[in-house]
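The chain contents come next:
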Amino acid sequence: MGKIIAIANQKGGVGKTTTSINLAASLGVLEKKVLLIDADPQANATSGIGIDVETVEIGTYQLLEHSNSAREAIVKTETPNLDIIPAHIDLVAIEIELVDKDAREYMLKNAINKIKNDYDYILIDCAPSLGLLTLNALTAADAVIIPIQCEYFALEGLGKLLNTIKSVQKIHNPELDIEGLLLTMYDSRLRLSNQVVEEVQKHFNNMVFQTIIQRNVRLSEAPSYGESIINYDASSKGATNYLSLAKEIINKNS
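Criteria and cut-off values
- Residues numbered from 1 in each chain as written.
- Predicted model: local features only at pLDDT ≥ 70, side-chain atom pairs only at ≥ 80, totals over all residues.
- Heavy atoms only, no water.
- Core = buried A, V, L, I, M, F, W, Y, C linked by side-chain atoms within 4.5 Å.
- Buried < 20%, exposed > 50% of the residue type's maximum accessible area, 1.4 Å probe, protein only.
- Contact = heavy atoms within 4.5 Å.
- Helix = DSSP H or I, 4+ residues; strand = E, 2+ residues; numbered from the N terminus.
- Pairing = 2+ DSSP bridges.
- Axes fitted to C-alpha atoms, helices over the stretch in contact; angles between N-to-C directions.
- Patch = residues over 30% accessible without salt bridge, like charges linked within 9 Å, V, L, I, M, F, W, Y side chains within 5 Å.
- Areas by Shrake-Rupley, 256 points an atom, 1.4 Å probe, with all protein chains shown as cover.
- Salt bridge = Lys/Arg side-chain N within 4 Å of Asp/Glu carboxyl O.
- UniProt positions renumbered as here; feature names shortened; annotations may be inferred.
- 1 Å grid on protein atoms, 1.4 Å probe; cavity = no way out; pocket = protein on both sides within 12 Å on 5 of 7 lines; lining within 4 Å.
- Points joined across faces, edges and corners; volume = space filled by probe spheres on them.
- Nonpolar A, V, L, I, M, F, W, Y, C, P; charged D, E, K, R; others polar.

The name given to the protein chain in an unreviewed UniProt entry is AAA family ATPase, with the source organism recorded as Hwangdonia lutea.

This is the structure we're talking about:
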């Protein structure tokens, strides 16, 4: 049975989409069957994996609306073992459209239930907000990965996200687990980066992944070519980091 992992943080620019794309590709390379769901209206995971957003006719919007099935929305990618349900800017309207629907928090969960067993992992790239889209992702997920940038405001807003996760556990999804906190954009030369790592590890202990994602130029370049870091430069530090994270997740779940 596939494990559904949401990648969430209401702060923008912490490496959610970078993590979604590259973790999905790394798990695929390690011979796990993976589905990536783009649940962000910015559709960066879609373009970052090489799909022209303008050509998307069936995606997350249609899935949440239940006008198409999950199987109809799946698109194969050039990365081994990796499929995607893409997004389009029209996803921005979904929060307004769902607001008066019954069981609106369960739309994504109900939509992907039938395909859960087709994959080893289903990753959901969440929007940088705690709105209805993210709530749908957390209700559908078995676990959540929280990327934390190694910068000054790293822990700001984390309490709010953890409270949201607690209320989702209480009301919608008692099975929701925290897969781990992932430190991203780490620069070993900066004292601040090291302080943030120490602080997060001290406060959250075993909840923090051992793998730390380092700042890496190749990692920043890859999305502009519509490729994961695995396809773009498999020998780069970024590829090594994400393969290490994928192995850590596989070991944790084996």
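I'd like a description of the nonpolar core, backed by residues and values.
Ranked by internal contacts, the top residues of the largest apolar core, which has 53 residues, are Ile146 and Leu183. When neighbours within four sequence positions are excluded, Leu183 is seen to be in contact with Ile148, Cys150, Val196, Val197, Val200, Val208, Ile212 and Ile213. In this structure, Tyr121, Phe209, Ala222 and Ala246 belong to the second largest nonpolar core, which totals 32 residues.

If you had to explain the environment of Glu54 to someone new, which residues and values would you point to?
In this fold, Glu54 is placed in the loop between helix H2 (44-48) and helix H3 (60-65). The exposed category is assigned to Glu54, whose relative accessible area is 65%. Sequence separation between Glu54 and Leu161 is 107 residues, and the spatial gap between their C-alpha atoms is 32 Å.

Outline the sheet that holds strand S4 (residues 82-85), supporting the account with residue identities and numerical values.
Spatial ordering of the open sheet is given by S3-S4-S2-S5-S1-S6-S7, a layout of seven strands whose pairing is mixed. Only two strands of the sheet have a single partner each, and these edge strands are strand S3 (75-76) and strand S7 (177-184). The pairing of strand S1 (residues 3-7) with strand S6 (residues 143-149) spans three bridges and is parallel. Bridge pairing in S6 places Ile5 opposite Ala143. Strands in contact with helix H1 (residues 16-29) are S1, strand S2 (34-39), S4, strand S5 (121-126), S6 and S7; relative to S5, the strand with the most contacts, it is inclined by about 165 degrees. Lying over the sheet, helix H8 (residues 158-171) contacts S6 and S7, oriented at roughly 175 degrees with respect to S6.

I'd love a proper account of a nonpolar patch on the surface, names of residues and values included.
Taken together, the side chains of Tyr152, Phe153, Leu190 and Leu192 define a hydrophobic patch exposed on the protein surface, amounting to about 430 Å² of accessible area. On the secondary structure map, Tyr152 appears in the loop between S6 and H8.

So what's going on with the environment of Ser69? Residues and values would help.
In this fold, Ser69 is placed in the loop between H3 and helix H4 (70-73). Accessibility expressed as a relative area gives 36% for Ser69, which makes it partly exposed. Residues Ser69 and Ile115, 46 residues apart in the sequence, show an inter-C-alpha distance of 9.7 Å.

I'd like to hear about the UniProt feature "domain: AAA" (unreviewed entry) in the protein chain, residue by residue, with values.
What UniProt calls "domain: AAA" (unreviewed entry) maps, in this numbering, to residues 3-178. With 36% helix and 18% strand, residues 3-178 has end C-alpha atoms that lie 13 Å from one another.

Report on the pattern of salt bridges, specifying residues and quantitative values.
Under the criterion given, the structure shown has nine salt bridges. A salt bridge links Asp118 to Arg71, with the nearest nitrogen and oxygen atoms 2.8 Å apart. Of this pair, Asp118 sits in the loop between helix H6 (107-112) and S5 while Arg71 is found in helix H4, placing the two residues 47 residues apart along the sequence.

Tell me about the layout of surface pockets, residues and numbers included.
For the largest pocket, the calculated volume is near 500 Å³. Lining of the largest pocket is provided by 27 residues; of these, Gly15, Lys16, Thr17, Thr18 and Met185 occupy positions nearest its centre. Looking at the lining of the largest pocket, the elements with two or more residues in it are H1 and helix H10 (217-221). When residues in the lining of the largest pocket are grouped by element, the largest group, five residues, is from H1. Split into classes, the residues belonging to the lining of the largest pocket amount to ten nonpolar, 13 polar and four charged. By volume, the second largest pocket is sized at about 160 Å³. Every residue lining the second largest pocket is listed: Ile49, Gly50, Ile51, Lys76, Thr77, Glu78, Thr79, Gly226, Glu227, Ser228 and Asn231.

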